[in-house]
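Coordinate analysis (summary)
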Amino acid sequence: MRYVFLVRLSTPPFRSFPKIVVLGNTMSSHLVWSIIRNNNAFLRKKRNINKPFSTEPNNLTNLSSYRYNGLVHKKTVGVVDAPDKKGFTVVYKKATKQNKPRQCIVKRTMKSGPRRSLAKLERLLKANKYRTDLTKAALRRASAVLRSQKPLPAKKQKAKKQE
């Protein structure tokens, strides 16, 4: 049986990111979700918001829910900004390399224009038989990243009134 724990490895006054400690064989994703659902280092709870936000990697909508969680599933997909701010990078987990964390995560940068990159992303998810429920969310996230990289239109100067 595999046990997953989120552990802080520094003293309380210092900010640190949680480290994922994995022991033994695999636990079911439902069991892991029931453990980390209400308390984990990635949750962002606010007043007057029913559904808390989540900052974990590979969470496409940044909502804390079982469906979009990037920690508990064998196969996950994430879309992030490319390092050179041109295009986007698809980060996904391989289910077969689950016990090898270094080889588990694959990053592919797509920067061949917005239309072609989005088609490549859709083809990648379908060809690898990735989770079909995440395809639409991944496309939305990728198009939002591409939209954020476009330069803003220049503001028009207001003409001064001449008397």
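Residues numbered from 1 in each chain as written. Predicted model: local features only at pLDDT ≥ 70, side-chain atom pairs only at ≥ 80, totals over all residues. Heavy atoms only, no water.

In the nomenclature of an unreviewed UniProt entry, the protein chain corresponds to Large ribosomal subunit protein eL28 from the organism Zophobas morio. UniProt's Sequence similarities (unreviewed entry) comment on the protein chain is quoted here verbatim: "Belongs to the eukaryotic ribosomal protein eL28 family." (UniProt positions renumbered as here; feature names shortened; annotations may be inferred.)

In this section: the overall build of the protein chain. Helix and strand counts for the protein chain come out as four helices and seven strands. Taken from the N to the C terminus, the helices and strands of the protein chain come in the order β-β-α-β-β-β-β-α-β-α-α. Residue pairs at least 24 apart in sequence account for 38% of intrachain contacts in the protein chain once pairs closer than 6 positions are excluded. (Helix = DSSP H or I, 4+ residues; strand = E, 2+ residues; numbered from the N terminus. Contact = heavy atoms within 4.5 Å.)

We now examine the packing of aromatic side chains. Per the stated rule, a full pass over the model turns up two aromatic pairs. Consider the rings of Tyr92 and Tyr130, whose centres lie 5.5 Å apart with planes at 80°: the pair is edge-to-face. Here Tyr92 is found in strand β6 (residues 88–93), whereas its partner Tyr130 is found in the loop between α3 (114–127) and α4 (135–149), with 38 residues between them in sequence. Across this residue pair, the class does not change: Tyr92 and Tyr130 are buried. (Phe/Tyr/Trp six-rings, centres within 6.5 Å; stacked < 30°, edge-to-face > 60°. Buried < 20%, exposed > 50% of the residue type's maximum accessible area, 1.4 Å probe, protein only.)

Their axes nearest at 10 Å, the elements α3 and α4 cross at an angle of 155°. The angle between α3 and α4 places the two elements in the roughly antiparallel class. The hand of the α3/α4 crossing is right-handed. Taking contact as the criterion, the partners of Pro114, Leu118, Leu121, Glu122 and Leu125 in α3 are, on α4, Thr135, Ala138, Leu139, Ala142, Ser143 and Leu146. Residue composition of the contact of α3 with α4, grouped by class: eight nonpolar, two polar and one charged. (Axes fitted to C-alpha atoms, helices over the stretch in contact; angles between N-to-C directions. Parallel < 35°, antiparallel > 145°, perpendicular 65-115°, else oblique. Left-handed = near helix turned anticlockwise from the far one by under 90°. Nonpolar A, V, L, I, M, F, W, Y, C, P; charged D, E, K, R; others polar.)

Glancing now at a positive patch on the surface. There is a patch of like positive charges on the surface, built from Arg108, Arg116, Lys120 and Arg123. With three residues, α3 is the single largest residue contributor to the positive patch. Examined against the element boundaries, Arg116 turns out to sit in helix α3. Judged by relative accessible area, which is 56%, Arg116 ranks as exposed. (Patch = residues over 30% accessible without salt bridge, like charges linked within 9 Å, V, L, I, M, F, W, Y side chains within 5 Å. Areas by Shrake-Rupley, 256 points an atom, 1.4 Å probe, with all protein chains shown as cover. Salt bridge = Lys/Arg side-chain N within 4 Å of Asp/Glu carboxyl O. Lys, Arg positive; Asp, Glu negative; His and termini not counted. Charge placed at Lys NZ, Arg CZ, Asp CG, Glu CD.)

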